Amino acid sequence: MTSTTTTTPARGTGDPVLETVGVTKTFGGVHALRGVDFQLAPGEIHALVGENGAGKSTLIKVLTGVYAPDAGEVRYAGETRHFRGPSDAQDVGISTIYQEVNLVPLLSVARNIFLGREPRNRFGLIDVRSMNQQARELMRELTIELDVSKELGRLGLGAQQMVALARAMSVESRVVIMDEPTSSLEAKEVTTLFTVARRLRDRGVGLVFVSHRLDELWELCDRVTILRDGRWVHTGPLAEMSRLELVSSMLGRDVEEVASEGATEFGESHRRSEEPAMVVSGIEVRNRLHGIDLTVRPGEVVGLAGLLGSGRSETVKAIYGAMHTDAGEVTVSGKKVRANSVRRALSAGIALLSEDRKAEGIIPDLSVRDNIALAVLPRMSRAGVVSEGKIDALVETFMRRLQIKASSPQQKVRELSGGNQQKVLIARWLCTEPTVFLLDEPTRGIDVGAKSEVQSLIDELAQQGLAVVLISSEMDELVEGADRIVVLHDGSAQSELDSRNLSSSELLRALAGDRSTDSPRGGQTGGPTDSPTDSKGEAS
Amino acid sequence: MSATEVDPATTNSPEAAMASRARFAALVQRQGAFAIFVLVMVVASFSFDSFLSRGNLTGIAVQASFLAMLALGMTFVIMTGGIDLSVGSVFALGGVLAAWGSQHGTLVAFALPLGVCGLIGLVQGLVIARGGLPPFIVTLAGLLFARGLLLLLTDEGAKTYKVPAGSSFRKLAQSDLLGVPYPVLLVVLFFAIGALVLHRTSYGASVLAIGGQEDAAELMGLPVQRTKVLTYVASALLAGFGGIMIASYTSSGVTILGVGLELEAIAAVVLGGTLLTGGAGTILGSLIGVLLLQVIKNVINQVGSLDSDWQAVVSGSILLGVVTLQRWLTRAERT
Ligand SMILES: Nc1ncnc2c1ncn2[C@@H]1O[C@H](COP(=O)(O)OP(=O)(O)OP(=O)(O)O)[C@@H](O)[C@H]1O
Ligand SMILES: [Mg+2]
């Protein structure tokens, strides 16, 4: 599709390829969209932003035929369309990566990429060899090397997301829509994704891009549309907008008010006592972790930094007993915790907010209240009686604190927006009052407003004496949130940095530096591999 | 950083070790039933002289062929994450209709049961796919419906339709090709087609995708409803065809057959390594599951002193054992 739009001076000025006119969508009593007008031009990358629950994903689902709008219409290439399902939208040339990684874990990577449009041989049967071949080429284009016949579910989240991208790229489309594609990606994969997106744009494809990492928007996008509470608020070129203006318009607050807040909501370093809350020593996991030591004192936030495959998620999982360890010891408040048992870890006061929320944690068909209450039930009902009132009060507090957007505590978690589901999980763990809190990417997928709220909550808990281990791929969050940062590399602790006088770029350099000092290419074996496939979320 | 650096040098150690362990677990998952099958065969052939005789083996194969037809359809149904409880009754109904139809010509003996059974499958499929009702309930209703219809047709089972003596319909299950009985050949043929459909057609891919993650299949634009409807139709047709075979084999429409056969079919499929939650499994595994169940029956029949009710006890225990093993292995493999 070599279109002439590449030479258009201002991007986003062509006739829209995909648009909505006055689209309204309600669920029960909840107005997810109220008369939204949206236009996507060919050859532009269009950012779609808004708080959690603003209606971004719903708009995307209306655009792609998952939902039929209650009022208003969808137009494709100037014509009104009534897509009856996602396949209709796909057929006309709209590729979509939905917010949740939406692939089939039990099928192979290649199968997932080509499901529904597999290459055929002359008998009309699926040509498995050429399917695998094409899949390999696609993944190579994305600079991801993996075995495409491997079950998708065995890959880490980031790699799964890249497979979703490969699927979207595997067909010629005029529109590509990506709902928070970068939330589980590492810097390098993000770069790859951006390269791919720009290449598509230059070919005249119209792209929609959703992200809560605001810096990404200016790096990639041409125009932005802002939604607030299901309403259209603004559309315009990003270059003409400052970050402050964008955030204030997203949140519906004054620029001055927003400006007074820092980059993150973390306070200064915490009061610590000297008795460690948790001591981890010599944790070994075959092929993954090699003798990890870690000490966290009450009131201290220890950051874990490292590149993809460095073993951050594995470390916290191993501590939590969710990943089988071959050696090592965890003690909490001086008492040894039996290894490899989540239950023992829990009762010792260790809580883990895991990286893969969908697979581990959320129970979609239970209400917000019950999902939160789940974790406190054992504690609150020790005498056999559950105080409903107490639970309600607790749930109410957290819903307010974390700005969980739900029609009521009784609403099913399934029906919440992605970011709000995330907040429910955080709330659940917070109200267990753990001694040690392991947080794996706690602010992923959460909008700017709530992000600072989560950060200040972590801060507050640390002030109260909680020991926190924080994993984040956002450097700011680590540098400002943690008191100390332990840098992991290839499954062992490489160095420790004091975060007081550290800048994000210094940390980034430390990570990269670690890398260049010893990355034996094709050298001796025995070093753990760090393909994206092994890095994350494996021990589900 | 990471991806491009995985080169062959690193893959032959820890990665490879993990992979081979995973492969072993997968092997047991798929071939656990096969191992037990071989074991039982070996023990039986040493214990009973007549076990390996041509007559006995052929008998086992023919006896197994009816259940195999049901199990084939059931495999697809379970792979979509569903269940079909109606197949036993549909099988019996198919048999009675075929026997009755054979009095009006061989064509009727095929067309009538396939038509009626296909229709039952279609209705079940539509209600499950469009109406979103749980397959368990819908096919339970189908079970009752088919059995009721059968009782109506046979005066509460009192009447048995006979296949006319000279009818060519008898040939279907009573002839053989180079010593291999037709039913056995048909099973081999159908299973080969089944495997091809599962692995090499987009319908098969949809089946696995739906069982693996239905929401995802929907968002990927796969024809979820159509696939489900087709699957229940196919299951009912295969059950009906099994009925046709048994009518031909026994030369009559036996009404008491097929009671509980749906459970045996489910057992065979699960033994064969198909996940009851859907999304993964093999066609060949189901065939082995069927054979295993049949061999156990045969062995217990040969032990003269044992009540034939022991069949169910032994089959049940083996099922439990295999499923526990599968579960344990998949666990071990994932951590
Ligand atoms: N299936 C549903 N049933 C009921 N309410 C729903 C459903 N889907 C979405 N909603 C509601 O619609 C609103 C908009 O949700 P949507 O998922 O579009 O938000 P979003 O902008 O994508 O947020 P996030 O950044 O958290 O992903 C939310 O209040 C949500 O609770
Ligand atoms: Mg969303």
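Each chain carries its own residue numbering, running from 1 in the direction its sequence is written. Lettering for chains starts from A, numbering for ligands starts from 1, and both go in the order in which the items are written. Totals for whole chains, interfaces and linings use all residues, but because this is a predicted model, local features are given only for residues with pLDDT of at least 70 and pairs of side-chain atoms are given and counted only at 80 or more. Side-chain measures were taken over the full set of non-hydrogen atoms in the model, leaving aside hydrogen atoms and water.

Some words on the overall build of chain A
Across its full length, chain A carries 18 helices and 20 strands. It only takes one pair of heavy atoms within 4.5 Å for two residues to be counted as in contact. The contacts in chain A between residues at least 6 apart in sequence include a share of 69% that link residues at least 24 apart. Of the roughly 21,700 Å² of accessible surface on chain A, a fraction of 48% belongs to carbon and sulfur atoms. Going along the chain from the N terminus, every DSSP run of H or I of four or more residues is numbered as a helix, and every run of E of two or more is numbered as a strand. Note on areas: Shrake-Rupley, 1.4 Å probe, and residue coverage restricted to the protein chains presented here.

Considerations on the packing of aromatic side chains
Two rings from Phe, Tyr or Trp (for Trp, the six-membered ring) form a pair when their centres are within 6.5 Å of each other. A pair whose planes differ by under 30 degrees is stacked, one over 60 is edge-to-face, and the rest are tilted. Inspection of every chain in the model, using the stated rule, returns nine aromatic pairs over all chains. Look at Phe194 of chain A and Phe209 of chain A: their rings are 6.0 Å apart centre to centre, the planes differ by 80°, and that puts the pair in the edge-to-face class. Residue Phe194 of chain A is found in helix H6 (residues 187-202), and its partner Phe209 of chain A is found in strand S8 (residues 206-210); the two are separated by 15 residues along the sequence. Taken as a pair, Phe194 of chain A and Phe209 of chain A share a single burial class, namely buried. Grouping aromatic residues by their ring pairs yields a cluster made of Phe110, Phe169, Phe190 and Phe241 of chain B. Only protein chains enter the area calculation, which uses a 1.4 Å probe; residues under 20% of their type maximum are buried, those over 50% are exposed, and those in between are partly exposed.

Examining the side chain of Asp84 of chain B
Residues and elements named next belong to chain B. Its place among the elements puts Asp84 in the loop between helix H2 (54-79) and helix H3 (87-102). No salt bridge is formed by the buried Asp84. Its closest oppositely charged neighbour is Arg147, at 12 Å. Counting of polar contacts relies on pairs of N or O atoms within 3.5 Å, with two restrictions inside protein: one atom must be capable of donating a hydrogen and the other of accepting it, and residues adjacent in sequence are counted only when both atoms are side-chain atoms. In terms of polar contacts, Asp84 uses its side chain to reach the side chain of Ser86, at 2.6 Å. Within the structure, the side chain of Asp84 is placed 2.8 Å from the side chain of Ser235, a separation counted as a polar contact. With near-sequence residues (within four places) excluded, Asp84 lies in contact with Met74, Val77, Gln124, Thr139, Tyr232, Ser235 and Glu262. Only four residue types enter the charge count: Lys and Arg as positive, Asp and Glu as negative, with His and the chain ends excluded. Any carboxyl oxygen of Asp or Glu that lies within 4 Å of a side-chain nitrogen of Lys or Arg is treated as forming a salt bridge with it.

Some thoughts on the environment of Pro276 of chain A
Residues and elements named next belong to chain A. Tracing the backbone through its elements, the reader meets Pro276 in the loop between helix H9 (255-259) and strand S11 (278-285). With 173 residues separating them in the primary sequence, Pro276 and Leu103 have C-alpha atoms 43 Å apart. Aside from chain neighbours lying at most four places away, what touches Pro276 is Thr295, Val296, Arg297, Pro298 and Ser333.

Some words on helix H5 (residues 135-153) of chain B
All names here are of chain B. In this model H5 runs 26 Å from its N-terminal to its C-terminal C-alpha over 19 residues, within 8% of the 27 Å that 1.5 Å per residue would give. Listed as buried for H5 are Val138, Thr139, Gly142, Leu143, Ala146, Arg147 and Leu150. Down the axis of H5, the sector holding all buried residues measures 165°, keeping them to one side. Away from its buried face, by an angle of more than 90 degrees, H5 presents the exposed residues Leu144 and Leu152. For H5, the secondary structure elements touched by its buried residues are H3, helix H4 (106-129), helix H10 (224-250) and helix H11 (261-271). A helix's residues, less one, multiplied by 1.5 Å, set its expected span. Directions from the helix axis toward the C-beta atoms define the arc.

Let's talk about the sheet that holds strand S12 (residues 289-296) of chain A
Consider a sheet: its strands pair through backbone hydrogen bonds, and that pairing is either parallel or antiparallel. Residues and elements named next belong to chain A. For two strands to be treated as a pair, DSSP must find at least two bridges joining them. Judged by pairing direction, the sheet is antiparallel, and its four strands sit side by side in the order S12-S11-S14-S15 without closing on themselves. Looking at the sheet topology across the chains shown, the edges are occupied by S12 and strand S15 (335-337). Between one strand axis and the next, the sheet turns through 25° on average, direction left out of account. Bridging between S11 and strand S14 (residues 327-332) involves five bridges; their strand directions are antiparallel. Its bridge partner lying in S14, Val280 is registered against Val330. With respect to the sheet, helix H10 (residues 312-320) is in contact with S11, S12 and S14, its orientation differing from that of S12 by roughly 70°. Here an axis means a line fitted to C-alpha atoms, over the contact stretch when the element is a helix, while the angle between two N-to-C directions is reported on a 0 to 180 degree scale.

Details of the site of ligand 1
All names here are of chain A. Proximity is defined per residue: any heavy atom of the residue falling within 4 Å of a molecule or strand makes that residue near it. Near ligand 1, the surroundings consist of 22 residues, among which Gly53, Ser57, Thr58, Ser417 and Gly419 are the closest. At a separation of 2.5 Å, an oxygen atom of ligand 1 approaches a polar side-chain atom of Thr58. Within the backbone of Gly418, an N or O atom sits 3.5 Å from an oxygen atom of ligand 1. Considering ligand 1 on its own, with 640 Å² of exposed area, one finds that the protein chains cover 91% of that surface. Breaking the shell around ligand 1 down by element, the ones donating at least two residues are helix H1 (56-63) and helix H14 (418-430). Residues belonging to the shell around ligand 1 are distributed by class as follows: five nonpolar, twelve polar and five charged. Each residue receives one of three labels: charged for Asp, Glu, Lys and Arg, nonpolar for Ala, Val, Leu, Ile, Met, Phe, Trp, Tyr, Cys and Pro, and polar for the others, Gly being one of them.

A few points about the packing of H2 of chain B against helix H12 (residues 283-302) of chain B
All names here are of chain B. H12 packs onto H2 with a crossing angle of 140° between their chain directions and a minimal axis gap of 8 Å. It follows that H2 is oblique to H12 by the angle criterion. Between H2 and H12 lies a crossing whose hand is right-handed. Of the residues in H12, those in contact with Asn56, Ile60, Gln63, Ala64, Leu67, Ala68, Ala71, Leu72, Thr75 and Phe76 of H2 are Ile283, Ser286, Leu287, Val290, Leu291, Leu293, Gln294, Val295, Asn298 and Gln302. Looking at the contact of H2 with H12, its residues break down into 13 nonpolar, seven polar and no charged. In what follows, roughly perpendicular refers to angles from 65 to 115 degrees, roughly parallel to angles under 35, roughly antiparallel to angles over 145, and oblique to any angle outside these ranges. Less than a right angle of anticlockwise turn of the near helix away from the far helix marks a crossing as left-handed, whereas a clockwise turn marks it as right-handed.

Here's the deal with the nonpolar core
To form a nonpolar core, buried Ala, Val, Leu, Ile, Met, Phe, Trp, Tyr and Cys residues must be joined to one another through side-chain atoms within 4.5 Å. Of all hydrophobic cores here, the largest spans 140 residues; its most connected members are Ile113, Met139, Met178, Phe209, Leu217 and Leu246 of chain A. Per element, the largest residue contribution to this core is 14 residues, and it comes from H2 of chain B. Not counting the four nearest positions on each side in its chain, Met139 of chain A is found in contact with Ile113, Ile144, Leu146, Val148, Met162, Val163 and Ala166 of chain A. If you look at the next biggest cluster of nonpolar residues, it comprises 76 residues, including Leu304, Tyr320, Ala345 and Cys431 of chain A.

Focus: the confidence of the model for chain A
Residue and element names in this part refer to chain A. pLDDT is a residue-level measure of predictor confidence that goes from 0 to 100. Mean pLDDT over chain A stands at 82; residues scoring 70 or higher make up 86%. pLDDT under 50 marks residues 1-9. Its contacts with residues more than four places away, or in other chains, come to eleven contacts. Low pLDDT, under 50, characterises residues 514-540; the stretch is placed with 79 contacts to residues that sit more than four places away or in other chains.

Describing the pairing of strand S17 (residues 436-440) of chain A
Residue and element names in this part refer to chain A. When you tally the buried positions in S17, you get five out of five residues, the bulk of the element. Note: strand S16 (residues 350-353) against S17, four bridges, orientation parallel. Within the sheet, the bridge partner assigned to Ala351 lies in S17 and is Phe437. Chirality of the crossover, the property in question, places the unit of S17, helix H15 (residues 448-463) and strand S18 (residues 467-471) among those that are right-handed. When the strands point away from the viewer and the connection leading from the first strand across the helix to the second strand turns clockwise, the crossover is called right-handed.

Describing the confidence of the model for chain B
Residue and element names in this part refer to chain B. Mean pLDDT over chain B: 85, with 88% of residues reaching 70 or higher. Note on residues 1-14: pLDDT under 50 across the span, and 36 contacts to partners over four residues away in sequence or across chains. Confidence estimates for the predicted assembly give a pTM of 0.79 and an ipTM of 0.82.

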